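A look at the structure
The lines below spell out each chain.
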Amino acid sequence: MSLSTPIQISENALFDKETDLLPEQAPVARKRHINWVLKAVLPIAAVLLNGLLLFVLVSLSLAEGERHTVIAIATAGAFLICVAVIMVLAVSFRRPMLELQDKIARVRLGDMDASVSFANRNDEVGDLGRDFNDMVAQLKSSREEIQRLHQTQMSRAEHFATLGELATGLAHEIRNPLAGIAGVIEIVGRDLPPNSPARSVIKDAKEEALQINRILTELLDTARPKAPQFRVSDVCATAEHAVMFARQQAITKRIMIELDVTGSIPPVDHDPNQINQVLLNLLLNAIQSMDKPGTIRVLLETDEDDVLITVADEGKGIPPEHLPNIFRPFFTTKGHGTGLGLSLARRTVESHGGHIDVTSEVGKGSRFQIRLPIAREKQAAVSG
Ligand SMILES: Nc1ncnc2c1ncn2[C@@H]1O[C@H](COP(=O)(O)OP(=O)(O)O)[C@@H](O)[C@H]1O
Ligand SMILES: [Mg+2]
């Protein structure tokens, strides 16, 4: 049966139990209740019966023959009133309710074109019908939106997968000859006399080779993320390790890196190598964002079931129009940047079941905050 076929409600259905759902519809769990006809008719019948009794009493003064006729007419009238009330209730309420039940069952089965026919009625039942139709229309558009987003995500994921394969293949191809070139530069540099002007060129070439190697390493890490090796260990030690390393980079720019721990931090289930790399990425970005001497603050604290690690710098800040892009792969505003540091950082943090957030003010600095759950939930163990 086509889902768009309008439902036919048989007259018998008016007095049936709640079993008239279509066979393919999933049964709706409903409480057993007293039939509505009884509910509606009993009080009316009681009132009419009382009226009839009163009428009989009053008509006692009439002659025998007249009295019977009058009582018969009154009884027939009472009966007709009862039938009329039942019919009105059946048409006005029972039918729409059955139709509504049917349409709800269809929506539950995924038919988003279901709508009720009584929505054009000019009463409260009509209001109910219009609300229902509006709700289904909204559900339909939300579902279409979700499907569209899903489609986009899928094609984007496919696109990235292809790109990733290409890029990792290329990275491997470049790495070996690059190691050869770096070796040759090293040998040539060693053989040069100490005061040779070519030494500075050799130094530049070495740095460029290192930079290319760094880009390739980050690219390979991004394209083929390793599953975290979780262990419950001291996250302060992980942070200290990253800070120590970053200090060596910061020293020449006269940038201080302070590490503060608020309260006692419990051991955290994490991969120390990966979180160290994340913090190092954040710290290197912070150092690179600062043109003049200043301080970078790293703060560790707990918040309910999470550990928060904040890296706050006094650098140039991130313009609001860049903020939505900074976690995207290959987004960089630096001449020598790879644009992979933050995307890798986010992926790593999320594979730990955590989040990374940023707030920034242009000219004042940026504040990156990592939230890591202290005890990892099972589903968060899946690597991204
Ligand atoms: N602490 C920061 N201060 C200012 N800008 C930042 C900071 N961290 C990241 N950014 C911005 O985000 C971009 C992406 O960062 P990242 O993914 O680490 O790539 P990269 O450092 O190679 O450019 C940077 O190019 C920069 O524009
Ligand atoms: Mg970076």
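For the structure, see preceding data.
A brief look at the structure comes next. Every value quoted in this text rests on a predicted model; they were computed, and no experiment measured them.

1. Things to note about the site of ligand 1
Around ligand 1, a shell composed of 19 residues is seen, among which D313, T332, T333, K334 and L342 lie nearest. S366 is positioned with one of its side-chain polar atoms (N or O) 3.4 Å from a nitrogen atom of ligand 1. When ligand 1 is considered free in solution it has 530 Å² of accessible area, and contact with the protein chains removes 94% of it. Most atoms of ligand 1, that is more than half of them, are within 2 Å of grid points of the largest pocket. Secondary structure elements with two or more residues in the shell around ligand 1: α6 (272-289), α7 (341-351) and β7 (365-373). Element by element, the count of residues in the shell around ligand 1 is highest for α6, at three residues. Its residues assigned to classes, the shell around ligand 1 comprises seven nonpolar, 10 polar and two charged.

2. Here's the deal with the packing of aromatic side chains
Aromatic ring pairs are reported here in terms of the distance separating the ring centres and the angle at which the planes meet. Counted by the stated rule, this structure contains one aromatic pair. Measuring from centroid to centroid gives 6.4 Å for F327 and F368, while their planes differ by 75 degrees, and the two rings are edge-to-face. Placement of F327 in the loop between β5 (306-312) and α7 and of F368 in strand β7 is noted, with a sequence separation of 41 residues between them. Judged by its relative accessible area of 10%, F327 falls in the buried class.

3. Comments concerning the sheet that holds β5
The five strands are arranged β2-β4-β5-β7-β6 in an open sheet whose pairing can be described as mixed. Pairing within the sheet leaves two strands with one partner each, and these edge strands are β2 (255-261) and β6 (355-361). Neighbouring strand axes in the sheet, compared pairwise and without regard to direction, differ in orientation by 15 degrees on average. Relative to β7, β5 runs antiparallel, the two being bridged by seven bridges. Bridging from a neighbouring strand, D306 pairs with P373 of β7. Where helix α5 (residues 235-250) meets the sheet, it contacts β2, β4 (294-303) and β5, and its direction lies at approximately 170 degrees from that of β2.

So, how was this worked out
Residues numbered from 1 in each chain as written. Chains lettered and ligands numbered in written order. Predicted model: local features only at pLDDT ≥ 70, side-chain atom pairs only at ≥ 80, totals over all residues. Heavy atoms only, no water. Near = heavy atom within 4 Å. Polar contact = N/O pair within 3.5 Å; in protein donor to acceptor, adjacent residues only side chain to side chain. Areas by Shrake-Rupley, 256 points an atom, 1.4 Å probe, with all protein chains shown as cover. 1 Å grid on protein atoms, 1.4 Å probe; cavity = no way out; pocket = protein on both sides within 12 Å on 5 of 7 lines; lining within 4 Å. Sits in = over half its atoms within 2 Å of the grid points. Helix = DSSP H or I, 4+ residues; strand = E, 2+ residues; numbered from the N terminus. Nonpolar A, V, L, I, M, F, W, Y, C, P; charged D, E, K, R; others polar. Phe/Tyr/Trp six-rings, centres within 6.5 Å; stacked < 30°, edge-to-face > 60°. Buried < 20%, exposed > 50% of the residue type's maximum accessible area, 1.4 Å probe, protein only. Pairing = 2+ DSSP bridges. Axes fitted to C-alpha atoms, helices over the stretch in contact; angles between N-to-C directions. Contact = heavy atoms within 4.5 Å.

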